[in-house]
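As a plain string of letters, each chain reads:
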There are 2 protein chains.
Amino acid sequence: MTVRAGLVGVGPVGDRIAMCVRERNFPLSEPLRVMATSARTEILGGEQVQVQATRAELFEGLDVVFFAGREGAKGASVQWAPTAIECGAYCIDNGSDFRLDPNVPLVVPEINMEEVTEETRLIASPNCSTIQLVVALAPLNQAAGIKRVVVSTYQSVSGWGQAAVEEMERQLPACLRGEPVECDPSIFARPIMLDCLPHIDRFLEDGYTKEEMKIVHETRKILDEPDMPITATAVRVPIPLGHSESVNLEFEQPITRDEATEILDQAPGVVVMDGPTEDPAAVEYRNDPNELQYPTTADLYKDEYKDMVLVGRIRQDNTIENGLNMWIVADNLRKGAATNVVQIAEGMLERGIIG
Amino acid sequence: MTVRAGLVGVGPVGDRIAMCVRERNFPLSEPLRVMATSARTEILGGEQVQVQATRAELFEGLDVVFFAGREGAKGASVQWAPTAIECGAYCIDNGSDFRLDPNVPLVVPEINMEEVTEETRLIASPNCSTIQLVVALAPLNQAAGIKRVVVSTYQSVSGWGQAAVEEMERQLPACLRGEPVECDPSIFARPIMLDCLPHIDRFLEDGYTKEEMKIVHETRKILDEPDMPITATAVRVPIPLGHSESVNLEFEQPITRDEATEILDQAPGVVVMDGPTEDPAAVEYRNDPNELQYPTTADLYKDEYKDMVLVGRIRQDNTIENGLNMWIVADNLRKGAATNVVQIAEGMLERGIIG
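Residues numbered from 1 in each chain as written. Chains lettered and ligands numbered in written order. Predicted model: local features only at pLDDT ≥ 70, side-chain atom pairs only at ≥ 80, totals over all residues.

Q: I'd like to hear about the overall build of chain A, residue by residue, with values.
A: Each helix and strand counted, chain A has nine helices and 15 strands in total. Relative to its length of 355 residues, chain A is compact, with a C-alpha radius of gyration of 21 Å against a globular reference of 20 Å. Considered along the principal axes of its C-alpha atoms, chain A spans approximately 65 × 50 × 45 Å. Every one of the 355 residues in chain A was classed for burial, and the buried ones make up 59%. Sequence separation of at least 24 residues holds for 68% of the intrachain contacts in chain A that already meet a minimum separation of 6. (Helix = DSSP H or I, 4+ residues; strand = E, 2+ residues; numbered from the N terminus. Rg over C-alpha atoms; globule rule 2.2 N^0.38 Å. Buried ≥ 20, exposed ≤ 12 C-beta atoms within 10 Å, placed from the backbone. Contact = placed C-beta atoms within 7 Å.)

Q: Describe the nonpolar core, naming the residues involved and giving the relevant values.
A: Among the nonpolar cores identified, the biggest contains 238 residues, and Ile17(A) and Ile17(B) are the most heavily contacted of them. In contact with Ile17(A), other than residues within four places in its own chain, are Leu7(A), Phe66(A), Ala68(A), Ala338(A), Val341(A) and Val342(A). (Core = buried A, V, L, I, M, F, W, Y, C linked by C-beta atoms within 7 Å.)

Q: Break down the interface of chain A and chain B for me, citing the residues and quoting the values.
A: Counting residues at the interface gives 57 residues for chain A, matched by 57 residues for chain B. Of all the elements, strand E14 (residues 309-317) of chain A adds the most residues to the side of chain A that touches chain B, at five residues. Split into classes, the residues belonging to the side of chain A that touches chain B amount to 29 nonpolar, 15 polar and 13 charged. (Nonpolar A, V, L, I, M, F, W, Y, C, P; charged D, E, K, R; others polar.)

Q: Explain the domain arrangement of chain A to me, using residue names and the numbers behind them.
A: Residue and element names in this part refer to chain A. Here chain A is partitioned into domain 1 (5-126 + 338-350) and domain 2 (130-332). Each partner contributes residues to the interface: domain 1 has 13 residues there, and domain 2 has 16 residues. Broken down by secondary-structure element, the contributors of at least two residues to the side of domain 1 that touches domain 2 are helix H3 (109-112) and helix H9 (334-350). For the side of domain 1 that touches domain 2, the element with the most residues is H3, which contributes three residues. A per-class count over the side of domain 1 that touches domain 2 returns six nonpolar, five polar and two charged. (Domains from an automatic or database assignment.)

Q: Which residues make up the packing of helix H4 (residues 128-144) of chain A against H9(A), and what are the values?
A: All names here are of chain A. Where H4 contacts H9, the axes come no closer than 8 Å and their chain directions differ by 85 degrees. Comparing their axes, H9 and H4 come out roughly perpendicular. Between H4 and H9, the residues in contact are Cys 128, Ile 131 and Gln 132 and Lys 335, Gly 336, Ala 337 and Asn 340, respectively. Among the residues forming the contact of H4 with H9, the class breakdown is three nonpolar, three polar and one charged. (Axes fitted to C-alpha atoms, helices over the stretch in contact; angles between N-to-C directions. Parallel < 35°, antiparallel > 145°, perpendicular 65-115°, else oblique.)

Q: Describe in detail the relation of the copies chain A and chain B, supporting the description with residues and values.
A: Of the transformation superimposing chain A on chain B, the axial component is 0.0 Å and the angular component is 180 degrees, with the fit at an RMSD of 0.0 Å. These values place the two chain copies in the arrangement generated by a two-fold rotation axis. A high fraction, 100%, of the interface residues of chain A reappear at the interface in chain B, so the copies pair face to face through one surface. (Least-squares fit on C-alpha atoms with pLDDT ≥ 70 in both.)

Q: Tell me about the sheet that holds strand E9 (residues 122-124) of chain B, and name the residues and values.
A: Residue and element names in this part refer to chain B. In spatial order, the strands read E3-E4-E2-E1-E5-E8-E9; together these seven strands make up an open sheet with mixed pairing. Every other strand in the sheet has two partners, leaving strand E3 (40-44) and E9 as the edge strands with one partner each. Adjacent strand axes in the sheet meet at a mean angle of 30 degrees, parallel and antiparallel pairs treated alike. The sheet strands contacting helix H1 (residues 12-23) are strand E1 (5-8), E3, strand E4 (47-53) and strand E5 (64-67), and the helix crosses E1 at an angle near 160 degrees. Docked against the sheet, helix H9 (residues 334-350) engages E5, strand E8 (90-93) and E9, running at close to 150 degrees with respect to E8. (Pairing = 2+ DSSP bridges.)

Q: Explain the sheet that holds E14(A) to me, and be specific about the residues and the numbers.
A: The pairing of strands in a sheet happens through backbone hydrogen bonds and is either parallel or antiparallel. Residue and element names in this part refer to chain A. Taking strand neighbours across the sheet as the criterion, the six strands line up as E11-E10-E12-E15-E14-E13 in an open arrangement whose pairing is mixed. The open sheet has two edge strands with one neighbour each: strand E11 (230-233) and strand E13 (270-272). Sheet twist, expressed as the mean angle between neighbouring strand axes with direction ignored, is 25 degrees. With three bridges joining them, E13 and E14 adopt parallel strand pairing. Its bridge partner being in E14, Val 272 is matched across the sheet by Val 311. Sheet strands touched by H4: strand E10 (146-154), strand E12 (243-251), E13, E14 and strand E15 (323-330). Its angle to E12, the strand with the most contacts, is close to 25 degrees. Sitting on the sheet, helix H7 (residues 257-266) is in contact with E13, E14 and E15, with an inclination near 165 degrees to E14.

Q: Just give me the short version of the pairing of E10(A), but keep the residues and values in it.
A: All names here are of chain A. The buried fraction of E10 amounts to eight of the nine residues, a majority that puts the element mostly inside the structure. The sheet contact formed by E10 and E12 spans eight bridges and is antiparallel. Bridging from a neighbouring strand, Thr 153 pairs with Glu 245 of E12. Where E10 meets E11, four bridges bridge the pair, whose relative direction is parallel.

Q: Which residues make up H1(B), and what values go with them?
A: Residues and elements named next belong to chain B. With 12 residues, H1 extends 16 Å from end C-alpha to end C-alpha; this agrees with the ideal 16 Å at 1.5 Å per step. The element H1 is largely enclosed, with a buried count of 10 among its 12 residues. Along H1, the residues classified as buried are Pro 12, Val 13, Gly 14, Asp 15, Arg 16, Ile 17, Ala 18, Met 19, Cys 20 and Val 21. Two residues or fewer past H1, Asn 25 is found with a positive phi of approximately 50 degrees. (Expected span 1.5 Å × (residues − 1).)

Q: Can you tell me about the environment of Gly14(A), naming the residues and giving the values?
A: Residue and element names in this part refer to chain A. Its location among the elements puts Gly 14 in helix H1 (residues 12-23). As for Gly 14 and Gly 69, which are separated by 55 residues in sequence, their C-alpha atoms are 7.4 Å apart. Excluding residues within four positions of it along the chain, Gly 14 makes contact with Leu 7, Gly 9, Leu 44, Ala 68 and Gly 69.

Q: Give a detailed account of unusual backbone geometry, specifying residues and quantitative values.
A: In this structure, Leu194(A) follows Met193(A) across a cis peptide bond, with omega equal to -10 degrees. A positive phi is found at Asp224(B), a non-glycine position, where the angle reads about 55 degrees. Residue position: Asp224(B) is located in the loop between helix H6 (210-223) and strand E11 (230-233). A residue is classified by how many C-beta atoms lie within 10 Å of it, and Asp224(B), with 12 of them, is exposed.

Q: Quick rundown of the environment of Val151(B)? Include the residues and the values.
A: All names here are of chain B. Considering the arrangement of structural elements, one finds Val 151 in strand E10 (residues 146-154). Residue Val 151 is classed as buried on the basis of its 26 C-beta neighbours within 10 Å. Residue contacts for Val 151: discarding those within four places in its chain leaves Leu 133, Ile 215, Ala 232, Glu 245 and Val 247.

Q: Which residues make up the pairing of strand E2 (residues 33-36) of chain B, and what values do they have?
A: Residue and element names in this part refer to chain B. The two faces of E2 match: Arg 33 and Met 35 on one face and Val 34 and Ala 36 on the other face are all buried. Looking at chain direction, E1 and E2 are connected through three bridges and run parallel. Its bridge partner being in E2, Leu 7 is matched across the sheet by Val 34. A crossover connection joins E1 to the parallel E2 through H1; in handedness this β-α-β unit is right-handed. (Right-handed = clockwise from strand over helix to strand, strands pointing away.)

Q: Any chance you could break down the packing of H4(A) against helix H6 (residues 210-223) of chain A for me, citing the residues and the numbers?
A: Residues and elements named next belong to chain A. It is the contact of H4 with H6, at a shortest axis distance of 10 Å, that shows an interaxial angle of 40 degrees. Accordingly, the angle class assigned to the pair H4 and H6 is oblique. Relative to H6, H4 is oriented so that their crossing is right-handed. Contacts between H4 and H6 involve Ser 129, Thr 130, Leu 133, Val 134, Leu 137, Ala 138 and Asn 141 from the former and Glu 211, Lys 214, Ile 215, Glu 218, Thr 219, Ile 222 and Leu 223 from the latter. Here the residues of the contact of H4 with H6 are counted per class, giving seven nonpolar, four polar and three charged. (Left-handed = near helix turned anticlockwise from the far one by under 90°.)

Below, the structure written as C-alpha cells:
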C-alpha cells in the first residue's frame, strides 16, 4: 500500500509537509513530486529537493496532491486542483480558497474524517488558529454542548510566512540596542518587535479581521454547528513559532473543571498540561503551594508535543452557569497546517481511498 | 498652594512617580523626600536623587506620601503608612495590601475621586491591569450597564519589576543566536523570550492566578458593582512596556459600536484609536479598503498618549444580545501605576484636602 504524492508550494508549510511525510513514514512509492511557481533547488524538510515549475503533466500518475502555495493573489489550488483532479489525484488544500465551499469538506482528522469519501476529490484543511481550537472544542461540545465561545489569540509571526520570521529577526538587533525598529509595512502594519498587534489579515467592514472570521466560520463548519455563537480577537505577538489561545466557553450542560480535564485527556490529538507541576523546585522557587504546569510555545519544540494540541489553565468560570476558561497551544505550521494535511492523507489511506 | 511629598520605593514605579511629579508640575514646596530600605544615590525620574533609609522622623512634616516599595514580603505601606499617618500625612499606596480593605478607598481619579475626603488618610491605587480596564469600562457601564466581562491580557514584563526587564534583555542575545535561553525561575517560571506565559503572580486553589483575581475584585470595588461577573486570563508577553487587553463585554441595555466609540471618545483619560487609518499608504500597502487604525504599546512612547488609556478594535459582538469587543492599551508603569498615584494627589489638591 503505497502512494504517489505531490506537493505544490515550498514556503514554511510546504517545508513542514515534506518533514511530516518523512517523519511519519508516509508510504511513498516514489519521492514527493515538488512544484512551485518556478523551478529551483530548495531545502525542504531538511533535505535538498529539486523543485519543478508547476505544469499539468506533473500531476499525471499522482494519487494525492498537497497544496501549500500561492499563484498570484490566490492559493495554488485555485489554478491547479482542477488539473490534478482530472489527472486522477485527490487534492488536500492548506489554503483558504475552498474552506467554506459547501461542496468541499473542511477536515480535522480527529473530528470529521468520515466526511471524506472516494467521491471527495478536494479536501480543505482549516486555518491554523481554527485547527487547535476545534481539536479541543469538539470533545467538549460532544460532552456538554457548547453554547458560546469567546477566544483571544496570541499568534506567532510564522503564520504570515517566512518573510515575517525574517522581518522579526531583522528587527531584533535594533530592539536589543533600544533603537527605532524598521518595519516592512507590506508584512505587518507596525514593527512586531516588541509589540502585540491586534491585526491579522485584512479588515472587514464591521471591524473584524478576516482571521477572526475564519475562526468563526471554519469552527462552525467543522463542528457541524452552523449557528454556534463564536466571537474572536486575533492578535499577532512577537514569537517565532506556535499559537496560543485564551478561550472562554459556555456550555448547555453542566461540566466541571475535572470533567473537562478528563475528557480532554482522553481526546485524540490533545495533551492536557494542567494540574500540579511535576517540578517540586518550582513550588519552592515561587513560594507557591498551588504552582501549576501549563503549556506554552516552548513545549512545541519537544518531539512528543510538536504535532499535538496542548491544553492547560482549565478553570471553572462562575460568571455564567456552565462556564470554563482554558489555554490552548499548538504549532501553527505543523498541527495548524502541515501535520493536519498529512493526517488527512493518512486517514484516506486507512480508509482505502488512496493507496 | 504647595505640598511636601514623600516617596517610599525606588523601583520602576518609584522612578515613574518622580518623573510624573516633575512632568506634571505637581506643586512641591520642597524636593520629593525619597526613601527606600537603604540609603543610596539613585537616578529617579531622570535625575540623581539622594535616597534615605526609611525611618519614622522622615515622615514628619509631609502632606502626602507615595508608597511604591516593598519591605520584606509586603508593601512598604504595611510597615510605614501608620507612622506616616501619625505624622499627619495622607498616604497613597501603589501596593496591593490595602486595595480590598473595605475601609480604604481604591481610587482611579477619572471614576471615583469623590471617595477621598479629609478623613481618608490611606488611599489605595489599583493594579495596572485593573486601571486601564476600569477607565474604559466605567463610562460604558454608566451608559448601558455591564452584565459580564471576559478579559484576556497581554502584559509586558516591566509589571514584574526592573529585574524582569533585565531578564528579558539578558535572554535576547541568545534568542537572536537561536541558542537555548537561560531563565531565572524566581522571576518567570519559563524563559519569557520569546514566549507567552499564562502565569502572572501566584496560583490559587481554583486554578486562577492572583493577578486574574485582582482584575475581578478591584474592578468590582472601583465600579461599586460588588457582583459584576468578570472572568480573566492574565498572560505575560515578551514586551518591555505596556499592557494590552482583549475585552468582551455584555451589556444590560443595547449599545452599538458607534455609541460606544462616541462615549469612550468623550470619556476622561481615554483616547479612541479606531476607525479609518489616517495613513492612505497603509490602505494601499495592504490592499485593504477597510484598513483601520488601532492602538498598540508602541503608541505609549508618544508624549500625548503616555498617560492615557488607548482603546481600539471596537466591534459589535452579535453572539449575545448586547455585546462588544474591544482592545485596551496603557503604560503599566505610568497610568497603570505612577500616573494614577500622582493624579490622586492632584485630585486631593483640587479638593483642598492637601496643599
